[in-house]
Amino acid sequence: TNETEDDTAESTSIGRFETPNQSQNMPQVSNGRFEEPSVNAYEFFDESERIGAWTVTQNSAEIVTESWSGGAFPVRSGAQVLHLNVNGRPGGVSQDIATTPDVRYRLVFHLSTDPDASGALTLTVGAGATSESYQIAAPMDSFERQTLSFSGASGTDATEIAFTSTTTGEDGPLVDDVSVERI
């Protein structure tokens, strides 16, 4: 089942102090479901091009729709997913999100594999100074929730989050439903 998010912000009054709803304190990942731009079947994006708020940082990446390849591509949320391998080369994307210096956060993301993939697929996920390698076994027809804990970058109000495939070949990792929560 797909999870839904409530984008409304509320506040609660306690005495004469107003405390914001916790969601107001959360950094927002823009286009975390990779629904922008809307594509027809699939579309390639080259290094330095934008996928909504994301920038392609290595080689190429593509947005693939659920209906591409007869509905074989799994999508976690919405109708599109990020595929990190294009033309046999590993790709990468990143974006800066608003954070508070030295505050702890959790990057939440969901991984799957190209339906034609086999074996182990790998990627590196980074958030500020924190970076980890992830391995997923192919083939998969659903998504696995993954997390990465990190601190907001010191001395600045933004932290870069990045997904970079380290898998060679056409069939790479799929990323969808990316969010960040304060911990």
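Scroll up a little and you will see the structure.
Residues numbered from 1 in each chain as written. Predicted model: local features only at pLDDT ≥ 70, side-chain atom pairs only at ≥ 80, totals over all residues. Heavy atoms only, no water.

**A short note on the pairing of strand β6 (residues 60-65)**
Sheet faces and side chains relate simply in a regular strand, where the side chains alternate between the two faces. Extensive coverage of β6 is indicated by the burial of 6 of its 6 residues. Sheet topology note: the strand β3 (residues 42-46)/β6 ladder contains 5 bridges and is antiparallel. Across the sheet, residue Phe44 finds its bridge partner in β6, namely Glu62. Bridge count for β6 against strand β7 (residues 80-83) is 4 bridges, and the pairing is antiparallel. Bridging from a neighbouring strand, Glu62 pairs with His83 of β7. (Buried < 20%, exposed > 50% of the residue type's maximum accessible area, 1.4 Å probe, protein only. Helix = DSSP H or I, 4+ residues; strand = E, 2+ residues; numbered from the N terminus. Pairing = 2+ DSSP bridges.)

**Comments concerning the sheet that holds strand β10 (residues 92-98)**
Strand order in the open sheet formed by 6 strands is β4-β5-β10-β15-β12-β13, and the pairing between neighbours is antiparallel. Among the strands making up the open sheet, the edge pair consists of β4 (50-51) and β13 (130-138).

**As for the nonpolar core**
For soluble globular proteins, nonpolar side chains are generally found buried alongside one another. By size, the foremost hydrophobic cluster in this structure holds 34 residues, and its most contacted members are Leu107, Phe163 and Val178. Those residues in contact with Val178, other than ones at most four positions away along the chain, are Val29, Gly32, Phe34, Trp54, Leu107, Val108, Phe109, Ile161 and Phe163. Residues Phe73, Val75, Val81 and Phe143 belong to the second largest nonpolar core, which totals 6 residues. (Core = buried A, V, L, I, M, F, W, Y, C linked by side-chain atoms within 4.5 Å. Contact = heavy atoms within 4.5 Å.)

**Comments concerning the packing of aromatic side chains**
If you walk through the whole model with that rule in mind, you get 6 aromatic pairs. Here the aromatic rings of Tyr42 and Phe44 are separated by 5.5 Å at their centres, their planes lie at 55°, and the arrangement is tilted. Tyr42 gets classed as partly exposed once you look at its relative accessible area, which sits at 35%. Of the residues examined, Phe44 reaches a relative accessible area of 40% and is grouped as partly exposed. Through a chain of ring-to-ring contacts, the aromatic side chains of Phe34, Trp54, Phe109, Tyr134 and Phe163 assemble into a single cluster. (Phe/Tyr/Trp six-rings, centres within 6.5 Å; stacked < 30°, edge-to-face > 60°.)

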